[in-house]
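Spelled out from the first residue to the last, the chains are:
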Amino acid sequence: MVVDVTEVTRGERYSTAADIYQCGLLAYELLTRNIPFSQYDAAAAAVRAASGKRPVLPASVDALWRARVVMTWHHTPARRPTALVLARAVQHLPTVLFV
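The rules behind each value
- Residues numbered from 1 in each chain as written.
- Predicted model: local features only at pLDDT ≥ 70, side-chain atom pairs only at ≥ 80, totals over all residues.
- Heavy atoms only, no water.
- Helix = DSSP H or I, 4+ residues; strand = E, 2+ residues; numbered from the N terminus.
- Buried < 20%, exposed > 50% of the residue type's maximum accessible area, 1.4 Å probe, protein only.
- Polar contact = N/O pair within 3.5 Å; in protein donor to acceptor, adjacent residues only side chain to side chain.

### A look at the side chain of Thr72
Note on placement: Thr72 falls in helix α4 (residues 63–72). Classification of Thr72 as buried rests on a relative accessible area of 2%. Within the local environment of Thr72, its side chain forms a polar contact with the backbone oxygen of Val69, the two atoms lying 2.5 Å apart.

### Observations regarding the side chain of Arg80
Along the chain, Arg80 turns up in the loop between α4 and α5 (83–90). Within the local environment of Arg80, its side chain forms a polar contact with the backbone oxygen of Ala17, the two atoms lying 3.1 Å apart. Within the local environment of Arg80, its side chain forms a polar contact with the backbone oxygen of His74, the two atoms lying 2.8 Å apart.

Here's what the structure looks like:
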């Protein structure tokens, strides 16, 4: 399921911050092996995202990775990192190994 970005769902103008939000959702899926908001239908998931709800990262996710993922989900698009800032922020994070 693809969750629409909060500001796009609300009918606001698209920006590259929407892509950063989607990167965060993809990172959530890769780190948890779960699809964000999969327990909801698409409409309910979009409403949750637009109201500021975010998927819960399990405690097993490394704190440094957690911080980087959470910064991509900021409710205010202008407060999300740029792609360059995000790339630099994750460049030296611990490698995540999947079993």
